[in-house]
Amino acid sequence: MRNVSFSPQLFRLSSPSLSPQLQPQPENLVIANETVVPEGQKGPSPVEFEKVKHHNMTEEEELMWRALEVQERPSTVKKKVAFMFLTRGKLPLAKLWERFFNGHQGLFSVYVHTSNLSYVDDGIPETSPFYRRRIPSKEVKWGMVSMVEAERRLLANALLDAANQRFVLLSETDIPLFNFSTIYSYLINSQHSFVDLYDLPGPAGRGRYNRRMSPVITRSKWRKGSQWFEIDREIAVAVVSDYTYFPLFKKHCRWGCYADEHYLPTFVHVMFPGKNANRSLTWTDWSRRGPHPRKYTRRSVRAELLTKLRNREGCVYNGKESNKCYLFARKFDDTCIDMLIHFAGRIMGF
């Protein structure tokens, strides 16, 4: 493994569903021969690793193993933030994000997972940060465990770049509320990860718990939260290497369970209670009843709305009260793009 070259940003699996144009540019990456696991957790032994490695590993299992073998970031390499986009197909707000990323090369990585396998992004120019950033993807069904599988797939690809230290999950309807420098500093200097989690009595919370998960996951450990997270590298490695909790969700959290709302909140609550801020950095308007949050259209995008989202009271950052509670917001449809670009320089700072 020490003499094999991989891309530090994407590990390309052989997949007939993706065109050769989506191949990342090859670069050298040093691979370690020991699995990295979070401190205090039991990882696979070298014997177990070799046993699994040589016995019918699927391409996705191999990806997970390779992600865990990446060495730590050299001190001379700048820390990067991995922006992971979980999308249905195209990115309707790509122009806004391109403006956001412009001038900050070397401080970020982009990964795109599309559930529409027939979608082809050949029209993306080479100058775009989204050029050839689509990872090998699979179909994702709303509310199903396939959503969590896609998140783990994104994390595994992002972990292949040792410089990635923070990992943000976004959708095609998300927008940044601040400029890149502000968001980068906020994430890199944070003492916590940001996974929304809480204990919710009733059918939409505890009622989704399946007692077949016991005794590994008891009802008292069950948590709910927003799907949109921001985590550090230690938690990202733990999620990718989780062979205890995720298999239970895959088997017992199916129809009506909504694994994307429960897996990571429950996992982080149990494994990393002291490292989490217990809140999401992505604003979502759930004031309207229903299974889906409010969607913003062109008529909704006003200076007052963006200013309000950028200044929210009642959160804590690194032990101090802050009015900067959200760095991103959703759901904005494709009709918003012109208005968002209009306000980007005036309000959001880019």
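Sequence order sets the numbering: in each chain, residues are counted from 1 along the sequence as written. This being a predicted model, a pLDDT of at least 70 is required before a residue's local features are given, and a value of 80 or more before pairs of side-chain atoms are given or counted; all residues contribute to the totals for chains, interfaces and linings. Calculated side-chain values reflect all of the structure's heavy atoms, with hydrogen atoms and water omitted.

The protein is annotated in an unreviewed UniProt entry as Glycosyltransferase family 14 protein from Brassica cretica. UniProt positions are given in the numbering used here, feature names are shortened, and annotations may be inferred rather than shown by experiment. Under the heading Subcellular location (unreviewed entry), UniProt records this for the protein: "Membrane".

(A) Inspection of the sheet that holds strand E4 (residues 175-176) at higher detail. Pairing within the open sheet is mixed, and its three strands lie in the order E4-E9-E6. The sheet is open, and its two borders are formed by E4 and strand E6 (282-284), each paired with just one other strand. Note: E4 against strand E9 (residues 328-330), two bridges, orientation antiparallel. By the bridge assignment for E9, Ile175 is matched with Ala329. For two strands to be treated as a pair, DSSP must find at least two bridges joining them. Numbered from the N terminus, helices here are DSSP runs of H or I no shorter than four residues, and strands are runs of E no shorter than two.

(B) Spatial organisation of the pattern of salt bridges. The term salt bridge refers to a pairing of a side-chain nitrogen on Lys or Arg with a carboxyl oxygen on Asp or Glu at a separation within 4 Å. What the rule picks out here adds up to 14 salt bridges. Lys80 is paired through a salt bridge with Asp161; the nearest N and O atoms lie 2.6 Å apart. Here the residue Lys80 occupies a position in strand E1 (residues 80-87), and Asp161 occupies one in the loop between helix H4 (146-159) and strand E3 (164-171), the gap between them amounting to 81 residues. Of the two residues examined, Lys80 and Asp161, each falls in the buried class. Ionic pairing is found between Glu230 and Arg166, a salt bridge with its closest N-O pair at 2.8 Å. Residue Glu230 is found in strand E5 (residues 230-232), and its partner Arg166 is found in strand E3; the two are separated by 64 residues along the sequence. Each member of the pair, Glu230 as well as Arg166, carries the same accessibility label: buried. Members of the salt-bridge network, linked through shared partners, are Glu60, Lys138 and Arg153. Note on exposure labels: buried denotes an accessible area under 20% of the residue type's maximum, exposed denotes more than 50%, and partly exposed covers the range between, all computed with a 1.4 Å probe on protein chains only.

(C) Structural detail: the sheet that holds strand E2 (residues 108-114). Across the sheet, four strands lie side by side as E2-E1-E3-E5; this open sheet has mixed pairing. Each edge of the open sheet carries a strand with a single partner, namely E2 and E5. Each neighbouring strand pair of the sheet contributes to a mean axis angle of 20°, computed without reference to strand direction. Alignment of E1 against E3, held across seven bridges, turns out to be parallel. By the bridge assignment, Lys80 is partnered in E3 with Asn164. Along the sheet face, helix H3 (residues 94-101) touches E1, E2 and E3 and points at about 180° away from the line of E1. Packing of helix H5 (residues 180-188) onto the sheet brings it into contact with E1, E2, E3 and E5, and relative to E1 it is tilted by some 105°. Axes here mean lines fitted to C-alpha atoms, for a helix over just the part in contact, with angles spanning 0 to 180 degrees between N-to-C directions. In what follows, a contact means two residues having at least one pair of non-hydrogen atoms within 4.5 Å.

(D) Inspection of the state of the cysteines at higher detail. Defined by distance alone, a disulfide is two cysteine sulfur atoms within 2.5 Å. Applying the stated rule across the entire model yields two disulfides. Residue pairing for Cys253: its cysteine sulfur links by disulfide to Cys257, the two sulfurs lying 1.8 Å apart. Given an S-S torsion of about -95°, the disulfide between Cys253 and Cys257 has left-handed geometry. Neither residue differs from the other here; Cys253 and Cys257 are each classed as buried. Sulfur-sulfur distance for the disulfide between Cys315 and Cys325 comes to 2.2 Å.

(E) Main features of the nonpolar core. Met84, Leu155, Phe167, Tyr263 and Phe267 are the most contacted members of the largest nonpolar core, which totals 51 residues. Of all elements in the fold, only helix H2 (59-69), E1, H4, E3, helix H6 (233-240), helix H7 (245-252) and helix H8 (263-271) reach the threshold of two or more residues within this core. Ranked by the residues each element gives to this core, the list is headed by H4, at eight residues. Discounting residues that sit within four places of it in the chain, Phe267 has contacts with Ala238, Val239, Asp242, Tyr245 and Phe272. Each nonpolar core is a collection of buried residues, namely Ala, Val, Leu, Ile, Met, Phe, Trp, Tyr and Cys, held together in the definition by side-chain atoms within 4.5 Å. Ranked by size, the runner-up nonpolar core spans 49 residues in total, among them Leu93, Leu96, Trp97 and Ile337.

(F) Structural view of the packing of aromatic side chains. Between rings of Phe, Tyr and Trp, where Trp is taken as its six-membered ring, a pair exists when centres lie within 6.5 Å; planes separated by under 30 degrees are stacked, by over 60 edge-to-face, and by other angles tilted. For the coordinates displayed, the defined rule picks out 30 aromatic pairs. Seen in terms of ring centroids, Tyr209 and Trp222 are 5.6 Å apart; in terms of plane orientation they differ by 70°. Their pairing is edge-to-face. Of this pair, Tyr209 sits in the loop between H5 and E5 while Trp222 sits in the loop between H5 and E5, placing them 13 residues apart in sequence. Of the two residues, Tyr209 and Trp222, both sit in the buried class. Following the ring pairs from residue to residue traces out a cluster consisting of Phe83, Phe85, Trp97, Phe100, Phe101, Phe108, Phe130, Phe180, Tyr184, Phe328 and Phe350. When the ring centre of Tyr111 is taken as origin, the NZ or CZ atom of Arg133, which lies over that ring, is 5.5 Å away. Charges are assigned to positions over rings by a cutoff of 6 Å between ring centre and Lys NZ or Arg CZ, combined with an angular limit of 35 degrees from the ring normal. Sitting over the face of the ring of Phe246, Arg152 holds its NZ or CZ atom 4.1 Å from the ring centroid.

(G) Spotlight on the side chain of Asn164. Residue position: Asn164 is located in strand E3. Relative accessible area serves as the criterion here: at 0%, Asn164 is assigned to the buried category. Excluding residues within four positions of it along the chain, Asn164 makes contact with Lys80, Val81, Ala82, Ser109, Tyr111, Ala158 and Arg233.

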